[in-house]
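# Commentary on secondary and tertiary structure
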Amino acid sequence: MLKKFKIFNLRETFLTTVSNIYLIFISLFIIFGRSFSGIYIFSFRMAELLIGFLILFSLIFVIAQPKIKIKFDMFHNQFKFFQLLLVLFFLSFFSNKGNLLDTYTYKSSSYIWTISIIFFTFILLNYSDTKKYHKYIFSVSLPITYFFSTIHYPEIFINFFLEFSDKWDFVKASDILLAFTLANTSNYLLFKNRFNSFIYFSISSAVLLPLFLFMSKGSFFPSLLFIFMFFINYLKTIKIKNLKSLFVILISIVLFVLSTYEVWGNLNFEKGEFNVSTEESLLKLNTLGRGISDIADQKDTVDVFASLYVAKYTGYNRLYSTDMMLDWRFQIWQDVTRDLFWYSEYLENPNNYTLVRNELSKRDYKYLLVGLGYNEMLPAMNHWERQGSDGSNENVHNYFFNVLGRGGILQLLTICVFIIAMIFDIKDKQLRNVFIITLIPIYLTSFFDTSMESFRFPFVFYSGLVILFKLNQKNLSDI
């Protein structure tokens, strides 16, 4: 009996240690982003090794699960759809004559393997002694990320990544947005005093909005939507604590101005230098009013809504945008869709691909169902103008179109149903609403970005969903 007790304690201690390391990794991915995932371990980057681990875990787990009978409770439906995704992966793989020994196969299909992070996180943290403060890793990591991105990035870390990683770079806007949403969601769910979580929400929103606007429209608009939806959730708290809430909002406005000046160098939201004249102080009311109103006059954000138009090109209609970056994405997405019908002709005429696509000769619905596979970059990206200045870009900058291109309509529908199942598996209505508010900006930014095709973003995302919404869900349901 004593021996069994010691073995149990030893196993629990081991799992708790591993879970603590796992949580630290989540924080490091948030703070250092791409630089951290590119650290070399022997001749492989960390993200590559972790993808390899997830591939083995996925296959072994799916095969062994019926025997070990792990109870997933809230993950029953997700696990079924994940099994279906694996079947569809092999269907696309064999239909396109894939090569199991080619590492590119696993790189291009990483969006499937990273989903297994949900099950790994659940198993690890559900059977270890996790503390409540573990769920605040997002709230602690977010301000550090902002500090490194805007105020000062310590040289010691820059030198470390230049030495041991494949590159050093600032954290991407989509990664900061992810940390921002998870941090505020965790506070909303876990703070006993709702007003305290409102303080964090108000200040973090004010400080980060200028940064999102500066870095990426694809993150700025989702962050605005998230702030608006969460602000509605806080209306009851604001009414109860009206004077305190007003004070917090005023402080947040001041911080918004200071953050704008820190990020942009001016209060006009123009990427250039700004000199404050002797008659115009940074904190004067007229400067404050001008800075806030100017956000609505930026051509590169507001004009996007009025930039869309349809025009004929080589005999068929295409969607265009006067915004250069948005138009660049539109043309790629439309080509990805069209390639599913004419890919077989491309294989016969690879040197005359543009002509084949534009002539609209014959259609082949096989690739619409199973996708173009994982052997090489999608044909839509096989043009020097779309591959970036260094010729390395091959991402279509859209999670859903990437799934469609690689795995076809069957995989895309499965992914969509998987997302819907995650929502409806949460039985508590109020908790489900918070879950939806969290998902919308994350998937919206992934609609215009390559975030889900990386490792770090889905790692933090799926781990965060499990930590915040799935573990101890009964205790969170009375929010």
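Placed above this text is the structure.
These notes cover the structure that comes with them. It should be emphasised that the depicted structure is a prediction, and the values quoted were computed from it without experimental measurement. One numbering rule holds for all chains: residues counted from 1, following each sequence as written. In keeping with the predicted nature of the model, local features appear solely for residues at pLDDT of at least 70, side-chain atom pairs appear and are counted solely at 80 or more, and the whole-chain, interface and lining totals rest on all residues. Calculation of side-chain values draws on the structure's entire complement of heavy atoms; hydrogens and water are dropped beforehand.

This part takes up helix α14 (residues 242-264). Quick reminder: α-helices carry 3.6 residues per turn. Residues three or four places apart thus point the same way. Numbered from the N terminus, helices here are DSSP runs of H or I no shorter than four residues, and strands are runs of E no shorter than two. Multiplying 1.5 Å by the helix residue count minus one yields the expected span of that helix. Look at α14: 32 Å from first C-alpha to last across 23 residues, which is about the 33 Å you get at 1.5 Å a residue. Positioned one or two residues after α14, G265 has a phi angle of 85°, which is positive.

So, on to the packing of aromatic side chains. When two rings of Phe, Tyr or Trp (its six-membered ring) have centres within 6.5 Å they constitute a pair, described as stacked for plane angles under 30 degrees, edge-to-face for angles over 60, and tilted for the intermediate range. Under the definition given, this model contains 61 aromatic pairs. Where F226 meets F230, the ring centres are 4.9 Å apart and the plane angle is 45°; that geometry is what we call tilted. Of the two residues, F226 and F230 both sit in helix α12 (residues 217-233), four residues apart, roughly one turn of that helix. Using a relative accessible area of 0% as the deciding quantity, one classes F226 as buried. By relative accessible area, F230 is classed as buried at 0%. An angle of 40° between the planes, with centres 5.0 Å apart, marks the rings of F461 and Y462 as tilted. For each residue, the accessible area found with a 1.4 Å probe, counting protein chains only, is set against the maximum for its type, and the residue is called buried under 20%, exposed over 50%, and partly exposed in between. The class for F461 is buried, based on a relative accessible area of 0%. Over the ring of Y188 we find R194, and its NZ or CZ is 4.0 Å from the ring centre. Look at NZ for Lys and CZ for Arg. If either is within 6 Å of the ring centre and within 35 degrees of the ring normal, a charge sits over the ring.

With that settled, consider the nonpolar core. Side-chain atoms within 4.5 Å are what join buried Ala, Val, Leu, Ile, Met, Phe, Trp, Tyr and Cys residues into a set we call a nonpolar core. Ranked by internal contacts, the top residues of the largest apolar core, which has 122 residues, are I26, F138 and Y443. Should any heavy atoms of two residues lie within 4.5 Å, those residues are counted as being in contact. Once you skip the residues sitting within four places of it in the chain, I26 turns out to touch I137, F138, F459, V460, S463 and I467.

In this section: a nonpolar patch on the surface. Patch membership is restricted to residues that have no salt bridge and whose relative accessible area is over 30%. Joining uses 9 Å for like charges and 5 Å for the nonpolar side chains Val, Leu, Ile, Met, Phe, Trp and Tyr. Accessible areas in this description were obtained via Shrake-Rupley with a 1.4 Å probe; residue shielding takes into account the shown protein chains only. Salt bridges are identified by distance alone: a Lys or Arg side-chain nitrogen within 4 Å of an Asp or Glu carboxyl oxygen. On the surface, L225, F228, F231, I232, L235 and I440 cluster together into a nonpolar patch covering about 500 Å² of accessible area. Along the chain, the position of I232 falls in helix α12. A residue is classified by how much of its surface remains accessible, and I232, at 42% relative accessible area, is partly exposed.

At F42, a position not held by glycine, the phi torsion is positive, near 60°. Relative to the assigned elements, F42 resides in the loop between β1 (40-41) and β2 (44-45). Within the chain, K97 stands out as a residue other than glycine whose phi angle is a positive 55°. Position of K97 among the secondary structure elements: in the loop between α4 (76-95) and α5 (103-108). Looking at K97, the relative accessible area reads 74%, which means it is exposed.

Attention shifts here to the pattern of salt bridges. One pass over the structure, following the stated rule, counts five salt bridges. Its salt-bridge partner being R456, residue D175 comes within 2.8 Å of it at the nearest N-O pair. Linking D175 in helix α10 (residues 173-190) with R456 in helix α22 (residues 456-470), this pair joins segments that are 281 residues apart in sequence. No difference in accessibility class separates D175 from R456, as the two residues are buried. The network of salt bridges with shared partners includes R34, R45, E48 and D166.

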